[in-house]
Amino acid sequence: MPASTLNSAVNRKSPDFEKNTRRIIDLLTQIKNEEQKIRDGGGAKAIESQHKKGRLTARERIEKLIDPGSSLFELGLYAAFEMYEEWGGAPSAGTVTGLATVCGRKFMVIANDATVKAGAFFPMTAKKVIRAQNIAIENRIPVIYLVDSAGIFLPLQEDVFPDTDDFGRVFRNNAVMSAMGIPQLTAVMGMCVAGGAYLPVMTDHVLMTEGSGLFLAGPALVQAAIGQKTSAEDLGGAKMHAQISGTVDFREPDDDACLKRIRALVDKMGNTPTPIFSKTVSRDPLFPADEIYGIFSSDPAKQYDMREIIARVVDGSEFEEYRAEYGETVLCGYARIGGWAVGIVANQKKHVQTQARGSDQKRVEFGGVIYTEAAEKSARFILDCNQNKIPLIFLHDVNGFMVGKDAEWSGIIRAGAKMVNAVSNSVVPKISVICGGSFGAGHYAMCGKAYDPRFIFAWPTARYAVMSGDAAAGTLVEIKLKQLEREGKKVDEKLKKELYDSVRATYEHQTDPRYAAARLWVDAIIDPAHTRDALVTALEAAALNPEIREFKTGVLQT
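Since we're looking at a predicted model, the values are computed, not measured.

Enquirer: For this particular structure, what's the right way to read the overall build of the chain?
Expert: The secondary structure content of the chain amounts to 20 helices and 20 strands. Taking 24 Å as the expected radius of gyration for a compact globule of 558 residues, we find that the chain reaches 26 Å, a close match to that expectation. Counting only C-alpha atoms and orienting by the principal axes, one finds that the chain spans roughly 90 × 70 × 50 Å. Relative to its full complement of 558 residues, the chain shows a buried share of 53%. Looking at the chain alone, contacts between residues at least 24 apart form 74% of all its contacts between residues at least 6 apart.

In structure tokens form, the structure reads like this:
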């Protein structure tokens with residue numbers, strides 16, 4: 001049977017296409033400018049100070065570590081964005097994390113940025129490192145740590161120290177990864193103090209540069225605690241740990257030598273496991289990726305065909321659509337991305353005319369809404385992908401599940417529960433891309449953050465909340481007005497408008513993908529035209545884990 005090649009009816013000269021393109025390019029320009037500022041870390045003076053110590057910055061180290069011609073696929077860049085401003089901010093949470101290729105092998109790289117508060121751990125720093133480790137655990141990705149940190153940021157220690165997603169979890173993860181056989185290498189390239197000193201020693205290889213320090217307590221604290229006077233070098237310098245304590249495996253004169261040594265060690269590592277997922281030769285889509293800018297509309301009142309997006313992401317623009325004439329507000333189908341076989345679950349934003357269930361009456365189903373039939377189809381498709389070991393890709397632009405009498409009579413809650421169950425218990429890799437809205441229970445059913453996607457990406461147009469800004473503002477303002485009325489206060493139209501505008505502005509700010517990325521609800525904000533590249537990178541990482549547990553759903557609503 002011939003493959004199903006998607007056609008395209010895009011008119012690049014249409015006003016809507018041009019308007020959509022301008023909007024996304026404007027958003028991308030703003031985001032790229034912000035990203036560059038974030039990548040500057042603590043700023044020019046802090047970078048100069050790092051250089052005066054004879055040390056490279058975190059990003060300079062990574063650039064020298066990874067294979068020539070390759071680049072870091074950065075994760076968590078926006079972590080802590082617009083947070084900790086009372087402390088001068090913490091760009092990218094003072095650490096750099098991402099996937100990189102070293103000697104032809106994929107690694108998770110975690111590097112402290114000493115230009116940001118001496119690499120100290122803020123609450124979001126710990127969460128970012130733990131997220132990177134969790135990605136490594138789920139996908140069996142080896143890890144390289146480049147340590148240059150003053151330890152916990154003491155003014156916020158209560159939010160960094162004790163909980164399950166705080167500082168101590170980092171070392172627990174070191175031990176768990178070691179037991180799982182996930183390779184870990186650590187280079188101490190600056191300060192590594194207090195509890196943080198356990199991190200390198202719990203990994204497979206420990207390297208240390210001259211002038212660095214590795215100790216549980218620095219000279220000042222040692223003198224205060226036990227009255228002993230000592231220099232930092234005698235207490236925990238590279239020479240002492242190489243010759244006396246025997247803690248480090250390799251003592252290196254500087255950053256350059258240390259990074260070369262890491263590459264030499266990686267070069268001798270054993271082969272990666274053979275992937276269990278189907279992989280063939282990659283083929284480009286038939287249509288240009290940058291056309292996504294003009295196709296996609298973030299206007300809730302506008303429609304677009306999600307098949308046009310899929311045609312610009314999948315190999316050869318080939319998509320074997322599953323139950324194409326049933327439950328049409330969710331598209332399900334099989335494809336390849338970068339040669340990898342995938343199952344795609346995507347919200348369709350076109351309104352569709354269909355026949356009402358149990359009737360000969362026609363009805364219109366609204367795009368971006370999950371109806372009973374769509375939920376049932378999606379649940380069955382997800383089961384099939386698990387049965388056949390096919391990774392799942394979710395493309396979000398969802399308002400939620402359909403509501404109302406007809407929907408309730410059709411069993412929407414039961415069908416939605418079936419879809420959520422299938423997503424929750426899915427054992428194949430799941431990767432989510434939030435293209436537009438991702439609201440309410442629709443976000444959950446489409447594999448939101450709480451449903452363990454291996455990776456979750458967002459376009460600049462993404463919106464992420466219980467409900468849309470207009471709906472939320474209307475609801476919250478009504479509640480506020482009733483409260484004022486109970487207090488005997490009169491409310492005129494001007495005050496109503498001011499309340500609405502204020503509430504809507506706050507809500508819209510919180511639904512922005514940068515707000516989500518700051519809190520690590522998404523791993524990266526990606527250029528829509530680079531969606532295919534991001535998915536290929538994620539699929540390659542997911543394929544490093546050859547183990548899939550038995551698929552079970554428990555009680556499944558029927």
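Here the narrative resumes.
Enquirer: Would you take a moment to explain the nonpolar core for this structure?
Expert: One broad rule of soluble globular proteins: the nonpolar side chains tend to lie buried together. Counting residues in hydrophobic clusters, the biggest one holds 75 residues, and the most contacted among them are Met108, Ile310, Ile344 and Phe457. Here this core takes 7 residues from helix α4 (residues 123–139), the largest share from any one element. Apart from the residues within four sequence positions on either side, Ile344 is in contact with Ile310, Val314, Phe319, Leu331, Cys332, Gly333, Ala335, Phe381, Ile393 and Leu395. One finds Ile31, Val116, Leu520 and Val522 within the second-largest nonpolar core, a separate group that totals 28 residues.

Enquirer: How do you make sense of the side chain of Asp113 when you look at a structure like this?
Expert: Relative to the helices and strands, Asp113 resides in the loop between β3 (105–112) and α4. In this structure Asp113 is buried but unpaired, with Arg59 as the nearest side chain of opposite charge at 5.4 Å. Side-chain polar atoms of Asp113 contact the side chain of Thr115, separated by 2.6 Å. Those residues in contact with Asp113 that lie beyond four places of it in its chain are Gly41, Ala58, Gly94, Thr95 and Gly119.

Enquirer: Would you mind showing me how to read the environment of Glu233 here?
Expert: For Glu233, the position within the fold is in helix α8 (residues 232–236). Here Glu233 falls in the partly exposed class, since its relative accessible area comes to 34%. As a C-alpha pair, Glu233 and Leu214 span 19 residues in sequence and 9.3 Å in three-dimensional space. Leave out the neighbours within four places in its chain, and Glu233 touches Glu210, Ala238, Lys239 and Met240.

Enquirer: Hey, could you run me through the layout of surface pockets in this one?
Expert: Rolled over the atoms, a probe with the dimensions of a water molecule shows which regions are left empty. As a volume, the largest pocket reaches approximately 680 Å³. In terms of lining residues, the largest pocket is bounded by 28 residues, among which Glu35, Arg39, Leu72, Phe73 and Glu74 are the most central. Residue assignment for the lining of the largest pocket shows that the elements contributing at least two residues are α1 (15–39), α3 (58–65), β1 (73–75), β20 (524–525) and α20 (531–542). In terms of residue count, the dominant contributor to the lining of the largest pocket is α1 (5 residues). Each residue belonging to the lining of the largest pocket can be placed in one class, and the counts come to 15 nonpolar, 4 polar and 9 charged.

Enquirer: It is not clear to me how the packing of aromatic side chains should be interpreted in this structure. Could you clarify?
Expert: Where two aromatic rings form a pair, the distance of their centres and the angle of their planes describe that pair. Tallied over the full model, the rule gives 15 aromatic pairs. Ring centres 5.0 Å apart and planes at 80° place the aromatic pair Tyr78 and Phe81 in the edge-to-face group. Residue Tyr78 shares its accessibility class with Phe81, and that shared class is buried. Centroid distance Tyr322 to Phe381: 5.3 Å. Interplanar angle 50°. Geometry classified as tilted.

Enquirer: What am I meant to see in the pairing of strand β18 (residues 455–458) here?
Expert: If a strand is regular, its side chains alternate between the two faces of the sheet. Side chains of β18 alternate between two faces, with Phe455 and Phe457 and Ile456 and Ala458 buried alike. As paired strands, strand β17 (residues 430–439) and β18 are joined by 4 bridges and run parallel to one another. The partner of Ser432 across the bridge, within β18, is Ile456. Once the chain exits β17 it traverses helix α16 (residues 440–445) before rejoining the sheet at β18, and the crossover so formed is right-handed.

Enquirer: Can you help me understand empty space enclosed by the protein in this one?
Expert: Applying the stated criterion to the full structure yields 3 cavities of 30 Å³ or more. There is about 140 Å³ of room inside the largest cavity. Surrounding the largest cavity, 15 residues form its lining, Asn112, Phe121, Val147, Ser149 and Leu199 being those nearest its centre. Of all the secondary-structure elements, those providing two or more residues to the lining of the largest cavity are β3, β4 (143–149) and β5 (184–193). Counting residues per element, the lining of the largest cavity draws most heavily on β4, at 4 residues. Every residue lining the second largest cavity is listed: Leu75, Gly76, Thr97, Met108, Lys128, Arg131, Ala132, Ile135, Leu520 and Asp523. The residue inventory of the lining of the second largest cavity, partitioned by class, reads 5 nonpolar, 2 polar and 3 charged.

Enquirer: Any chance you could explain the environment of Asp40 here in plain terms?
Expert: Looking at the secondary structure, you find Asp40 in the loop between α1 and α2 (44–52). Expressed as a C-alpha distance, the spacing of Asp40 and Val176, which sit 136 residues apart in the sequence, is 33 Å.

Enquirer: Help me understand unusual backbone geometry in this model?
Expert: Of all residues except glycine, most have a negative phi; of all peptide bonds, most are trans. At Glu82, a position not held by glycine, the phi torsion is positive, near 60°. With phi around 50°, Cys103 is a residue other than glycine that occupies positive phi space. Relative to the assigned elements, Cys103 resides in the loop between β2 (95–102) and β3. Residue Cys103 is classed as partly exposed on the basis of its relative accessible area, which comes to 30%.

Cut-off values and rules
Along each chain, residues carry numbers from 1 onward, in the same order as the chain's sequence is written. Local features in this predicted model are restricted to residues whose pLDDT is 70 or higher, and side-chain atom pairs enter the listing and the counts only when it is 80 or higher, whereas totals over whole chains, interfaces and linings include all residues. To obtain the side-chain values, all non-hydrogen atoms of the structure were included, while hydrogens and water were left out. Numbering of helices and strands runs from the N terminus, with a helix taken as a DSSP run of H or I at least four residues long and a strand as a DSSP run of E at least two residues long. We compute the radius of gyration over the C-alpha atoms and compare it with the globule rule, which gives 2.2 Å times the number of residues raised to the power 0.38. Accessibility here uses a 1.4 Å probe with only protein chains present; expressed as a share of the type maximum, an area under 20% marks a residue as buried, one over 50% as exposed, and anything in between as partly exposed. Two residues qualify as a contact provided that any one of their heavy atoms is within 4.5 Å of a heavy atom in the partner residue. Nonpolar core, defined: a set of buried Ala, Val, Leu, Ile, Met, Phe, Trp, Tyr and Cys residues in which side-chain atoms within 4.5 Å join the residues together. In this tally, Asp and Glu contribute negative charge and Lys and Arg positive charge; neither His nor the terminal groups of the chain are included. Just to be clear on terms, a salt bridge is a Lys or Arg side-chain nitrogen sitting within 4 Å of an Asp or Glu carboxyl oxygen. In protein, a polar contact means a hydrogen-donor-capable atom and an acceptor-capable atom, both N or O and within 3.5 Å, with residues adjacent in sequence counting only if both atoms are side-chain atoms; elsewhere, any N or O pair within 3.5 Å suffices. Every definition here rests on a 1 Å grid over the protein atoms only: cavities are sets of points where a 1.4 Å probe fits but cannot get out, pockets are open sets enclosed by protein on both sides within 12 Å along at least five of seven lines, and lining residues have some atom within 4 Å of a point. Grid points are joined across faces, edges and corners, and a volume is the space filled by probe spheres set on the points. Three residue categories are used. Nonpolar comprises Ala, Val, Leu, Ile, Met, Phe, Trp, Tyr, Cys and Pro, charged comprises Asp, Glu, Lys and Arg, and polar comprises the others, including Gly. Aromatic rings from Phe, Tyr and Trp, with only the six-membered ring used for Trp, were paired whenever their centres fell within 6.5 Å, and each pair was classed as stacked if the ring planes differed by under 30 degrees, edge-to-face if by over 60, and tilted otherwise. Strands qualify as paired when DSSP identifies two bridges or more between them. Orient the strands so they point away from the viewer, and a crossover whose first-strand-to-second-strand path over the helix runs clockwise is right-handed.

Fair warning: the whole summary comes from geometry, so function is off the table for now.
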